[in-house]
Amino acid sequence: MSAAPAEDQVRQWESEQAHLRQQLVEDDTEAWQQNPDFSGLQRVGGVDLSFIKGDDVNACAQLVVLSYPDMELLYEDSQMVTLTAPYIAGFLAFRETPYLLEALQRLKKNQPELLPQVVFVDGNGLFHYREFGLACHLGVLSGLPCVGVAKNLLQVQGVYKSEEHQSQIAALQKGGDSFPLTAASGKVLGKALRSSDKSVKPVYVSVGHKISLDTAVRLTHSCCRYRVPEPIRQVPDDAAKDLKTKKTKGQQVQKIRPCVCVRNRVNVCMH
DNA sequence: GCGACAG
DNA sequence: ATCTTGTCGC
C-alpha cells in the first residue's frame, strides 16, 4: 500500500515512454508541410506551464493559438493546476502533459474549428535520452503534429556543449541557419537553430510528432520574431503576470484563475 | 565529492 | 521553471 519508490516510478515511466514511442510518427503527414510557404497552414498553437518563484506545485497551464502567418492571437486558455509529479530530467512529460492535454481537449470540445494544425512545445521532442521527450509525448497523446523547442541544450546521447559545439554556434550567421545534433548512433536527433538575426544563442528544435525535422526547423524559423517562437513566447505574458501580481496581494494561488479564461478575437464569444 | 539536470 | 540590476542599443 505504500507509494512506489521513486526508482520504481521511473522504471515504469521508462516503460511507458518505450510503449508510446511505437506510435511516434517522425515524418510529414500534413499537406501544408509540403508547401514551400506552408500555404494551407492557418493556425499554430503553443503550450507551456508557468510557475511562480517559491512554488513548484501550483502552475498555470496555458494554450494559445495564433493565426499563420500573421501570428495574431486567436485563442487563449489559462488554467491553474496543481501538479502531482516532480520534475525529473527525462520525464518532464509526466509532470506537464496531463494539463496540456486537458487544455487541448477543452478547445476541441468548445471550439474545434480553432484547433491548431501544429503545436509548439516548450521542451524537447526526439532530442531526448530515450528519444521521446515532452513534444513527442504530447504529440502521440493528442494526435496533433508537434514541434519541440528547447532553450537549453540537453547533453545527451553523445551531444555535448563541447568546443566544437560552441564553434558551430558561432558559425551560425543569420536567422534560419542551423546545424544538426547528431547522436553517437549517427542519428540526427534535432537541430540547433539561430531563430532570428538578432539572437546569438540558438534554440534546439526536434521532432515532436507528425512532422519531419527539416520541416520543423523551417516552420520554427518562420514563427520567430525573436529568439523564442511566437506561439510559446506569447504565453507567459499576461497570465503569468497576473499570477505574480495577485500572489503579491496575498491571495490564494488556486483562486487566481479558477476557471478557463478564453479570449477569442476571431469568433464572437459564446455564451 | 563533483558535475549534470528540457521545464 | 523563477529570481535580479543595471546596462547597452535602437
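In this text, all values refer to a predicted model and were calculated from it rather than measured experimentally. All residue numbers here refer to positions counted from 1 along the written sequence of the relevant chain. Starting at A for chains and at 1 for ligands, labels are handed out in the order in which the entities are written. Whole-chain, interface and lining totals are the exception, using all residues; otherwise, since this is a predicted model, local features are given only for residues with pLDDT of at least 70 and side-chain atom pairs are given and counted only at 80 or more. Hydrogens and water are ignored here; the side-chain numbers use all heavy atoms of the structure.

Examining the protein's contact with DNA strand B
Under the convention used in this document: Proximity criterion: a residue is near a molecule or strand once any of its heavy atoms comes within 4 Å of it. Whenever a nitrogen or oxygen atom comes within 3.5 Å of another N or O atom, the pair is scored as a polar contact, on the condition that within protein one atom can donate a hydrogen and the other can accept it, and that pairs from neighbouring residues in sequence are kept only if both atoms are in side chains.
Near DNA strand B you find 18 residues, and of these Tyr 87, Gly 90, Lys 151, Asn 152 and Gln 155 are the closest. When atoms of DNA strand B within 4 Å of the protein are split into backbone and base, the sugar-phosphate part holds 55%. The side chain of Asn 152 places a nitrogen or oxygen atom 2.8 Å from a phosphate oxygen of DNA strand B. Contacts to DNA strand B include Gln 155, whose backbone N or O atom sits 3.0 Å from a phosphate oxygen.

Let's talk about the confidence of the model for chain A
Under the convention used in this document: As a per-residue quantity, pLDDT reports the predictor's confidence and falls between 0 and 100. For this analysis, residues touch if any pair of their heavy atoms sits within 4.5 Å.
When the pLDDT values of chain A are averaged, the result is 87; 85% of them are 70 or greater. Counting contacts from residues 245-271, a segment whose pLDDT is below 50, to residues more than four positions away or on other chains yields 44 contacts.

Overview of the packing of aromatic side chains
We count it as follows: Under the pairing criterion, centres of Phe, Tyr and Trp rings, with the six-membered ring standing for Trp, must be within 6.5 Å; the plane angle then separates stacked pairs below 30 degrees from edge-to-face pairs above 60, leaving the rest tilted. Exposure categories follow from relative accessible area, calculated using a 1.4 Å probe and restricted to protein chains: below 20% of the type maximum is buried, above 50% is exposed, and the middle band is partly exposed. By definition, any uninterrupted DSSP run of H or I lasting at least four residues is a helix, any uninterrupted run of E lasting at least two residues is a strand, and each is numbered from the N terminus.
The tally for this structure, following the rule as stated, stands at 5 aromatic pairs. With a centroid separation of 5.8 Å and 70° between ring planes, the pair formed by Trp 32 and Phe 38 is classed as edge-to-face. Taken individually, Trp 32 and Phe 38 each receive the classification buried, so the pair is uniform in this respect. When the ring of Phe 38 is compared with that of Tyr 68, the centres are 6.2 Å apart and the planes differ by 80°; the resulting orientation is edge-to-face. Highlighted residues: Phe 38 in the loop between helix H1 (6-21) and strand S1 (43-52) and Tyr 68 in the loop between strand S2 (55-67) and strand S3 (73-82), separated in sequence by 30 residues. Per residue, the accessibility class of Phe 38 equals that of Tyr 68, and both read buried. Aromatic ring contacts, followed pair by pair, group Trp 13, Phe 91 and Phe 94 into a single cluster.

Some points on the nonpolar core
We count it as follows: We call a set of buried Ala, Val, Leu, Ile, Met, Phe, Trp, Tyr and Cys residues a nonpolar core when their side-chain atoms join them within 4.5 Å.
Membership of the largest hydrophobic core comes to 32 residues, with the highest contact counts inside it found for Leu 41, Val 44, Tyr 68, Phe 120, Val 147 and Leu 219. Taken together, the elements giving at least two residues each to this core come down to S2, strand S4 (118-122), helix H3 (134-142), strand S5 (146-150), strand S8 (203-209) and helix H5 (213-222). Considering every element that reaches this core, the biggest residue donor is H5, with 4 residues. The residues touching Phe 120, leaving out its near neighbours within four places in the chain, are Val 44, Gly 45, Gly 46, Val 47, Val 147, Val 149, Leu 219, Thr 220, Cys 223, Pro 229, Pro 231 and Ile 232.

A look at the layout of surface pockets
Here is the rule: Lining residues are defined by having an atom within 4 Å of a point belonging to a cavity or pocket. Those points lie on a 1 Å grid over the protein atoms alone, cavities being sets where a 1.4 Å probe fits but cannot get out and pockets being open sets with protein on both sides within 12 Å along at least five of seven lines. Grid points are joined across faces, edges and corners, and a volume is the space filled by probe spheres set on the points. The residue classification treats Ala, Val, Leu, Ile, Met, Phe, Trp, Tyr, Cys and Pro as nonpolar and Asp, Glu, Lys and Arg as charged. All others, Gly included, are polar.
Estimates place the volume of the largest pocket at around 510 Å³. In terms of lining, the largest pocket is formed by 23 residues, of which the most central are Tyr 87, Leu 92, Asp 122, Gly 123 and Asn 124. For the lining of the largest pocket, the elements supplying multiple residues, two or more each, are S1, helix H2 (92-110) and S5. Of all the elements, H2 adds the most residues to the lining of the largest pocket, at 4 residues. Its residues assigned to classes, the lining of the largest pocket shows 12 nonpolar, 6 polar and 5 charged.

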